[in-house]
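Below are the chains, spelled out letter by letter.
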Amino acid sequence: MAVWDLSVTVEELGSEAPPLTVSVTSDLHIGGVILKIVEKTQIKRDWSDHALWWEQKQQWLLRPAWTLDKCGIHADARLTFTPQHKPLLLGLPNGVTLKLRACFSGPVFRTVMGICRVLNIRHPEELSLLRPVEEKKKKKDKEAAEEVYDLTGVPLTSVSNPCLYNGMPAHFADSSKTEAVYKMLSITQPAPAPEHIAKMYRPASVVDKAHIHGRWLDSSRSLLQQGVQENDRLWLRFKYYSFYDLEPKYDAVRLTQLYEQARWAVLLEDIDCTEEEMMLFGALQYHISKVSQSEPQGIAPCPGMDDLDSALQCLEVKMEGESSSMDMLETMTAPELHDYLKIFRPKRLTLKGYKQYWFTFKDTSISYYKSKEEGFGEPIQQMNLKGCEVAPDVNVAGQKFCIKLLIPAPEGMNEVYLRCENENQYSQWMAACRLASKGKNLADSSFSSEVESIQAFLSMQRSNPGAQSAQADESINTHSLVSPRYQKKYKAKQLTPRILEAYQNVAQLSLTDAILRFLQIWQALPDFGISYFVVRFKGSRKDEVMGIANNRLIRIDLGVGDVVKTWRYNNMRQWNVNWDIKQVAIEFDGNVNIAFSCVTGNCKIVHEYIGGYIFMSTRSREQSDTLNEELFHKLTGGHEAL
């Protein structure tokens, strides 16, 4: 075989050093090339983390047994011998910036798994990395550089559930400095000053939100392949809003970061909420920051109790599976709801305002009749709620309990409002509508818990005259608790009594319960968990918005902001991408086909979102400890995974 020279840059020799020239033959394997490079450098050190990066082809050469010929490397190749793990600046949802060593050679999915292992965050598949959005900087602003907490010395662990000492992983318990960092990760941070909030990036429209979602990194390619260099800044965020198995005992960091991400989504108006909800969010934030500063942290769980807990959990799952014959009988005769409600249809000119009818709710359909006596005959109309959008329109103080329904129809969405008389009626009908939208009926086991959670939510919004009138607390910084829209609308002295009134209803909650309640209300918002992309549908001349949620795709009119159509994943037969023309095509039941190309962001990001949500729905308790990475890449990787 002919001997030829290969040029290799070794990062360890410094940026000024000329590339090394190594004599090789085409049948020499990558491992042999590395051996020659190491001998030629004459530096004694641990080279095990180093690998070769091929600059022109933007790829890593990670298979030491492959020959240069098999890799397609010739004399013109420029190779770099570089570490696979390098420092990265990582912005977390709570605003803390960490410097830690991340894997630059594996797919981003595996890099995130490694980062989450270090930070003790379970279920890393729900998170990903995105390029940060620049904050508004004024010219006069010559602030000190932000503090970066260095964790590059923390060893990379391979255990997904590390042993805890004093409630923290062993690799954080080594020094007081790393202990302090872990506390910052697992305890909520005090609210920043309003001036700081004003400087932060706030999406002004759906298009702005779409630009942010176009910044996600590709999970199936490595950081270096996507142009991320050593010491670059990235954000770690929850990407898939499908939170599995939240367990306060093990998830201190995960819960805290999730709460912080939810809190900032509310404060920066990334998600819309009503005035009442905003006051409740403000009260919960006030309570959480108050309790987190006073409660003792970190109680080491007893391993014996953990075993007992998991045994009880298994028993509970088994017993749920063994339903009695009585339950079977009940399921066969599914329960129904009947009552007088009022209905209003904005699109129809015949109905002026709300009109009262006799309603029945059976399976997943609502029917209404002129009166109770006519309830056995033919209904005026029957509406199937499967796949519909359900949103609350409630004002507890004003005794207004409405349910807004957007029901799929061939020409778009039909808008219908139902008005209930009282909280009790509203809780039952709202729970029934929510279940029906997912294709479940009233016999479903989750109906009663859904009713209870709606009632708990309403009771938190109720004013509490029995409680002593809240003292005007001077330390309450209202402008750090509500979004800028309400800061402009009300003065601090108007906001304080309203937040403190809502606070009376949550003041008795523990820190964990308050965080879980905050997340529960956030998840109940109509716009929760929707990632937006500006797209252009096949055959259309105008840009529209595609919203991707954990169970559905939503077509939104860009001009008006109205929902035009909703498609559920459980009606989806297949989806694929034409990578040449960058077009996503999806086929649904009933011969419904849609195709669109992306205007903001790459169609790979949209493809990954859909595949990612389908992957999230396959998780179950039996195999919750092992993550099926191969299946994730099959569903999200596109042509590269094949």
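The protein goes by PH domain-containing protein in an unreviewed UniProt entry, where it is assigned to Albula glossodonta. What UniProt states about the protein under its Sequence similarities (unreviewed entry) heading is, verbatim, "Belongs to the kindlin family."

Draft legend 1. Inspection of the pairing of strand β18 (residues 400-409) at higher detail. In terms of residue burial, β18 counts as a mostly covered element, since seven of its ten residues are buried. Judged from the seven bridges that link them, strand β17 (residues 389-395) and β18 form a sheet pairing that is antiparallel. From the neighbouring strand, A391 faces β18, where its bridge partner is K404. Bridging between β18 and strand β19 (residues 412-420) involves nine bridges; their strand directions are antiparallel. Paired with I403 across the bridge in β19 is L418.

Draft legend 2. Molecular detail of the environment of S186. Secondary-structure assignment places S186 in helix α4 (residues 176-186). Judged by relative accessible area, which is 16%, S186 ranks as buried. Sequence separation of S186 and Q257 is 71 residues, and the distance between their C-alpha atoms is 7.6 Å.

Draft legend 3. Highlighting the packing of aromatic side chains. One pass over the structure, following the stated rule, counts 31 aromatic pairs. Ring plane angle 45° and centroid distance 5.0 Å describe the contact between F172 and Y182, whose orientation is recorded as tilted. One end of the pair, F172, is in the loop between β11 (168-169) and α4; the other, Y182, is in helix α4, with ten residues separating them in the sequence. With a relative accessible area of 0%, F172 lands in the buried category. Taken together, a centroid distance of 5.9 Å and an interplanar angle of 15° make the contact between W567 and F588 stacked. Residue W567 is located in strand β23 (residues 563-568), and its partner F588 is located in strand β25 (residues 583-588); the two are separated by 21 residues in the primary sequence. Judged by its relative accessible area of 8%, W567 is buried.

Draft legend 4. Representation of unusual backbone geometry in the model. Positive phi, close to 55°, is recorded for E269, a residue that is not glycine. As for its placement among the helices and strands, E269 is situated in the loop between α7 (252-267) and α8 (275-294). Of note in the backbone geometry, Q399 takes a positive phi value of approximately 55° without being a glycine. One can find Q399 in the loop between β17 and β18. A residue is classified by how much of its surface remains accessible, and Q399, at 46% relative accessible area, is partly exposed.

Draft legend 5. Structural context of the sheet that holds strand β3 (residues 50-54). Pairing is mixed across the open sheet formed by five strands, whose spatial order is β2-β1-β5-β3-β4. Each end of this open sheet is capped by a strand with a single partner; those strands are β2 (20-24) and β4 (59-61). Each strand of the sheet is rotated relative to its neighbour by a mean of 35°, with strand direction disregarded. Here β3 runs beside β4; their pairing, made up of three bridges, is antiparallel. Note on β4: the bridge partner recorded for W54 is Q59.

Draft legend 6. Fine view of the confidence of the model for the protein. A residue-level look at the protein finds 86% of positions with pLDDT of 70 or above and a mean pLDDT of 85. Confidence drops under pLDDT 50 across residues 322-331; counting only partners more than four residues distant or on other chains, this segment forms three contacts. In this model residues 466-470 is a low-confidence stretch, pLDDT under 50, and it forms four contacts with partners more than four residues away in sequence or in other chains.

Draft legend 7. Spatial organisation of the packing of α8 against helix α12 (residues 447-461). Close contact between α8 and α12 brings their axes to 10 Å; oriented N to C, the two are set at 85°. In terms of their interaxial angle, α8 and α12 are classed as roughly perpendicular. Along its contact with α8, which presents E276, E277, L280 and L284, the element α12 presents F457, M460 and Q461. For the contact of α8 with α12, a count of residues per class yields four nonpolar, one polar and two charged.

Draft legend 8. View of the side chain of E277. By the element assignment, E277 lies in helix α8. Despite its burial, E277 pairs with no opposite charge; the closest candidate is R434, at 7.8 Å N-O. At 2.9 Å, the side chain of E277 forms a polar contact with the backbone nitrogen of T274. When sequence neighbours within four positions are dropped, the list of residues in contact with E277 reads F457, Q461 and L525.

Draft legend 9. Here's a closer look at the nonpolar core. Ranked by internal contacts, the top residues of the largest apolar core, which has 112 residues, are L119, L129, W522, I586 and F596. By residue number, the principal contributor to this core is α8, which donates nine residues. Core analysis: the second largest hydrophobic core is formed by 34 residues, F361, C420, Y426 and A436 among them.

Draft legend 10. Main features of the packing of α12 against helix α15 (residues 511-524). Running from N to C, α12 and α15 cross one another at 105°; their axes reach a closest spacing of 11 Å. In terms of axis orientation, α12 runs roughly perpendicular to α15. Counted together, S453, A456, F457 and M460 of α12 and R517, Q520 and I521 of α15 form the full contact between these two elements. Considered class by class, the residues forming the contact of α12 with α15 number four nonpolar, two polar and one charged.

Draft legend 11. Highlighting the pattern of salt bridges. Throughout the structure, instances matching the rule amount to 28 salt bridges. The closest approach of N and O atoms between E450 and R434, which form a salt bridge, is 2.9 Å. Of the two residues, E450 is situated in helix α12 and R434 in helix α11 (residues 423-437); the sequence distance between them amounts to 16 residues. Each of the two residues, E450 as well as R434, counts as buried.

Draft legend 12. Main features of the sheet that holds strand β8 (residues 127-130). With respect to topology, five strands assemble into an open sheet ordered β8-β12-β6-β7-β9, the strand pairing being mixed. The open sheet has two edge strands with one neighbour each: β8 and β9 (148-150). Pairs of neighbouring strands in the sheet enclose a mean axial angle of 45°, with direction left out of account.

Cut-offs applied
Residues numbered from 1 in each chain as written. Predicted model: local features only at pLDDT ≥ 70, side-chain atom pairs only at ≥ 80, totals over all residues. Heavy atoms only, no water. UniProt positions renumbered as here; feature names shortened; annotations may be inferred. Buried < 20%, exposed > 50% of the residue type's maximum accessible area, 1.4 Å probe, protein only. Helix = DSSP H or I, 4+ residues; strand = E, 2+ residues; numbered from the N terminus. Pairing = 2+ DSSP bridges. Phe/Tyr/Trp six-rings, centres within 6.5 Å; stacked < 30°, edge-to-face > 60°. Axes fitted to C-alpha atoms, helices over the stretch in contact; angles between N-to-C directions. pLDDT = per-residue confidence, 0-100. Contact = heavy atoms within 4.5 Å. Parallel < 35°, antiparallel > 145°, perpendicular 65-115°, else oblique. Nonpolar A, V, L, I, M, F, W, Y, C, P; charged D, E, K, R; others polar. Lys, Arg positive; Asp, Glu negative; His and termini not counted. Salt bridge = Lys/Arg side-chain N within 4 Å of Asp/Glu carboxyl O. Polar contact = N/O pair within 3.5 Å; in protein donor to acceptor, adjacent residues only side chain to side chain. Core = buried A, V, L, I, M, F, W, Y, C linked by side-chain atoms within 4.5 Å.

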